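Here's the letter readout for the chains.
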Amino acid sequence: MVFTAVVDTTSKLAVIIAIQHLLEHDAEVVVVPHLVIGRLRADHPWRPVGSLVDLVTFAGMIERGGVGRA
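Since this is a predicted model, take the numbers as computed values, not measurements.

Draft legend 1. Layout of the overall build of the chain. Helix and strand counts for the chain stand at 2 helices and 3 strands. When the elements of the chain are put in sequence order from the N terminus, they spell out α-β-α-β-β. In terms of principal-axis extent, the alpha carbons of the chain reach across some 25 × 25 × 20 Å. Evaluated residue by residue, the chain yields a buried proportion of 29% over its 70 residues. Of the contacts made within the chain by residues no fewer than 6 positions apart, 42% connect residues no fewer than 24 positions apart. Summed over all atoms, the accessible surface of the chain reaches about 4,900 Å², with 59% contributed by carbon and sulfur. Across the chain, the 6 positively charged side chains and the 7 negatively charged ones have centroids separated by 11 Å.

What follows is the structure, encoded as structure tokens:
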């Protein structure tokens, strides 16, 4: 099952929205096409999401835990 949320907001608020949805629906993967990074720095706003699920970004997949591939 796939849920799509399109938000016109700041990155930090988008992260909060993504976390709420992934917890409510027990998601395993979150797609964030606007992210152009292949790795998450420790201070990156999407790091909490990356610690819970795999992230699919414009630059590739970031596996759960924040270890990325470009």
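Draft legend 2. Seen up close, helix 1 (residues 11–25). With 15 residues, helix 1 should cover 21 Å at 1.5 Å per step; its first-to-last C-alpha distance of 21 Å lies within 8% of that length. As for helix 1, its buried residues are in contact with strand 1 (29–32) and helix 2 (47–52).

Draft legend 3. Highlighting the pairing of strand 2 (residues 54–57). Of the pairings in the sheet, the one linking strand 1 to strand 2 comprises 4 bridges and is parallel in character. Paired with Val29 across the bridge in strand 2 is Asp54. In the classification by handedness, the crossover that spans strand 1, the intervening helix 2 and the parallel strand 2 is right-handed.

Draft legend 4. View of the nonpolar core. Ranked by size, the top nonpolar core spans 13 residues in total, and within it Val30, Val32, Trp46, Val49 and Leu55 carry the most contacts. Residue contributions to this core peak at 4 residues, all from helix 1. When residues no more than four places from it in sequence are discounted, the contact partners of Val30 are Leu22, Val49, Val53, Asp54, Leu55 and Val56.

Draft legend 5. Inspection of unusual backbone geometry at higher detail. Phi is positive for Asp26, which is not a glycine, with a value near 55°. Within the secondary structure, Asp26 sits in the loop between helix 1 and strand 1.

The rules behind each value
- Residues numbered from 1 in each chain as written.
- Predicted model: local features only at pLDDT ≥ 70, side-chain atom pairs only at ≥ 80, totals over all residues.
- Heavy atoms only, no water.
- Helix = DSSP H or I, 4+ residues; strand = E, 2+ residues; numbered from the N terminus.
- Buried < 20%, exposed > 50% of the residue type's maximum accessible area, 1.4 Å probe, protein only.
- Contact = heavy atoms within 4.5 Å.
- Areas by Shrake-Rupley, 256 points an atom, 1.4 Å probe, with all protein chains shown as cover.
- Lys, Arg positive; Asp, Glu negative; His and termini not counted.
- Charge placed at Lys NZ, Arg CZ, Asp CG, Glu CD.
- Expected span 1.5 Å × (residues − 1).
- Pairing = 2+ DSSP bridges.
- Right-handed = clockwise from strand over helix to strand, strands pointing away.
- Core = buried A, V, L, I, M, F, W, Y, C linked by side-chain atoms within 4.5 Å.

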